Amino acid sequence: MNRRAIRLLAALFWLAVWQLAALLVGQEFLLASPLKVLASLLHLLALPGTWLAALRSSLRVLLGFMLGSLFGLLLAAGAHKSRWARELAAPLVAAARAVPVASFVILAIILVSSRWLSTLVSFVIGFPVIYLAALEGLRGRDRQLLEMAGAFRVPFHRRLLYLSLPQLAPHLRAGAVTALGLCWKSGVAAEVIGIPRGSIGEQLYMVKVNYYTAELFAWTIIIVLLSLLSAFLLKRLMRALFARLERL
Amino acid sequence: MSRPLGFERICLRYGGQAVFEDFSLAITPGEAVCLSGPSGCGKTSLLRLLMGLETPSSGYVNSLRPFSAVFQEDRLLPWLSAPGNLRLVTGKVGEAIGIGLLLELGLGDELSKPVSAFSGGMKRRVALARALLVPAPLLLLDEPFTGLDPDTRSRAAALILKQHHGTLVMASHDQEDARLLGARLIRLP
């Protein structure tokens, strides 16, 4: 039996366990069955509001991720160059990694509109991941190649394109995919607390207070699909970008 | 008065162990010199001193700038092709000349492959082409013919003599390399 068939069987097994558990519990508001969730998902997908909410939340989370990535990269470049910058960045990165999302959201809701809460939270959650990945990549560059580039007086832009970026790429790819997943989780959590109008977070909040468990599962599936889709597109984009840079 | 090219009473230590004590060597501009001796005698260290990558604990090193070099290791970017590796040091400006050098070194059929797929001798030839592509008054070669068969070695030596007209300092354990390049042999203890 090939790997794909084994995976399919594993998925079917857990769906069967879920269905059985739903039958045993016997109350839809406590545990909705997979079939009920599928029906709810199809119903949601037929509503324009679902797509709009998905679009709004995606844009906010992705904006936070992009700004966080840019900030993380710049901070890593500075920290790699200067010990002072590294020491200065250390408490900021440590705080961003340690402070619980809920505490940060409650603090942030006082400072920014609930509409931009998920962007701010995605930024704060995403930048340390990119910072650490980029810093590790910069430190891991081949010293002999850097020495060679110095001896041949290779200008900065060519060092960056031909030498540094290809060595940084695996670190950045892994870091970006991890950061994006975290941004989705924390961004949606921030929306549930801040409840911006027309967002996925608002929808989740509504189904929670009304005990629409099937819809809660359906929205969760939508969030997971959005997260997977954005990670897939990000990987494709980065692969194309690095391949293009290497051909320059 | 300016100091002559070379080393003046240098001392060099690694971890408390002296590699050179009061070592001096004068090199006439335009001359070819081959530093020869057994492994670990300090040939590479002298080249690194001339490159400015090491500093003696005492004494003077007088080198020329800019220089071009073949390092002890190939130091090629494995993900790039041979022309890509040359493009790193010269940009697109020197691409045609670089490809000409690669052709002369017998790498004409390998231009599109990444150098990670190359044998040791092929990588050495790319490193040599890179060094010859960069015009400099001083050429530093650290075991430049490692992994080359006798024919390719002769062809590579002829190319070095054709392309480089300045000072040449080479490190080699093989005295035949000095003969091929008409270099003055300096035996290190």
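Asks: Which residues make up the overall build of chain A, and what are the values?
Replies: The secondary structure content of chain A amounts to ten helices and zero strands. Each helix and strand of chain A, ordered N terminal to C terminal, gives the series α-α-α-α-α-α-α-α-α-α. C-alpha atoms of chain A, sized along the principal axes, occupy 75 × 55 × 30 Å. Out of the 248 residues belonging to chain A, those deemed buried represent 34%. Excluding contacts between residues fewer than 6 apart, the proportion of contacts in chain A whose partners are at least 24 apart in sequence is 77%.

Asks: Describe the overall build of chain B, naming the residues involved and giving the relevant values.
Replies: The helix and strand tally for chain B stands at six helices and eight strands. Its helices and strands in sequence order give chain B the pattern β-β-β-α-β-β-α-α-α-β-α-β-α-β, from N to C terminus. Taking 189 residues into account, the globule formula puts the C-alpha radius of gyration at 16 Å, and chain B, at 17 Å, falls close to it. On the principal axes, the C-alpha backbone points of chain B span a range of 50 × 35 × 30 Å. Across the 189 residues of chain B, 45% fall into the buried class. Counting contacts in chain B only where the partners sit at least 6 residues apart, residues at least 24 apart contribute 71% of the total.

Asks: Go over the environment of S57 of chain B, please, and point to the residues and values.
Replies: Residue and element names in this part refer to chain B. By the element assignment, S57 lies in the loop between α1 (43-51) and β4 (58-62). Judged by the 11 C-beta atoms lying within 10 Å of it, S57 falls in the exposed class. In this structure the C-alpha to C-alpha distance between S57 and C11, which are 46 residues apart in sequence, comes to 5.5 Å. Ignoring sequence-local partners within four residues, the contact set of S57 consists of C11, L12 and R13.

Asks: So, the packing of helix α6 (residues 117-139) of chain A against helix α8 (residues 156-194) of chain A: which residues are in play, and what are the values?
Replies: Residues and elements named next belong to chain A. Interhelical geometry of α6 versus α8 gives an angle of 160 degrees and a closest axis separation of 7 Å. For the element pair α6 / α8, the angle class is roughly antiparallel. Handedness of the α6/α8 crossing: right-handed.

Asks: Tell me what's going on with unusual backbone geometry, and back it up with residues and numbers.
Replies: Excluding glycine, residues mostly carry a negative phi; peptide bonds, for their part, are mostly trans. Residues and elements named next belong to chain B. Residue P66 is bonded to the preceding R65 through a cis peptide linkage, with omega at -5 degrees. With respect to the helices and strands, the residue P66 is situated in the loop between β4 and β5 (67-70). A positive phi angle is found at D22, which is not glycine, with a value near 55 degrees. D22 sits in the exposed class, given 11 other C-beta atoms within 10 Å.

Asks: Kindly report on helix α1 (residues 3-25) of chain A, identifying the contributing residues and their values.
Replies: Residues and elements named next belong to chain A. Here α1 is 23 residues long and its end C-alpha atoms lie 33 Å apart, about the 33 Å a rise of 1.5 Å per residue gives. The buried fraction of α1 amounts to one of the 23 residues, a small share that puts the element mostly on the outside. Count one or two residues on from α1 and you reach G26, which has phi positive near 75 degrees.

Asks: An account of the nonpolar core is needed here, citing residue identities and associated values.
Replies: A129, L140, V169 and M170 of chain B are the most contacted members of the largest nonpolar core, which totals 66 residues. Top element by residues in this core is helix α4 (residues 120-133) of chain B. It accounts for eight residues. Excluding its chain neighbours within four sequence positions, the residues that come into contact with M170 of chain B are C34, L35, L141, P144, D177, L181 and A183 of chain B. In terms of nonpolar packing, the next biggest core, distinct from the first, is built from 48 residues, F127, V129, A133 and A134 of chain A among them.

Asks: Break down the sheet that holds strand β2 (residues 17-27) of chain B for me, citing the residues and quoting the values.
Replies: All names here are of chain B. What the three strands build is an open sheet, ordered β2-β1-β4; its pairing is antiparallel. The open sheet terminates on both sides in strands that have one partner only, identified here as β2 and β4. Between one strand axis and the next, the sheet turns through 25 degrees on average, direction left out of account. Docked against the sheet, α1 engages β1 (5-14), β2 and β4, running at close to 115 degrees with respect to β1.

Conventions we followed
Residues numbered from 1 in each chain as written. Chains lettered and ligands numbered in written order. Predicted model: local features only at pLDDT ≥ 70, side-chain atom pairs only at ≥ 80, totals over all residues. Helix = DSSP H or I, 4+ residues; strand = E, 2+ residues; numbered from the N terminus. Buried ≥ 20, exposed ≤ 12 C-beta atoms within 10 Å, placed from the backbone. Contact = placed C-beta atoms within 7 Å. Rg over C-alpha atoms; globule rule 2.2 N^0.38 Å. Axes fitted to C-alpha atoms, helices over the stretch in contact; angles between N-to-C directions. Parallel < 35°, antiparallel > 145°, perpendicular 65-115°, else oblique. Left-handed = near helix turned anticlockwise from the far one by under 90°. Expected span 1.5 Å × (residues − 1). Core = buried A, V, L, I, M, F, W, Y, C linked by C-beta atoms within 7 Å. Pairing = 2+ DSSP bridges.

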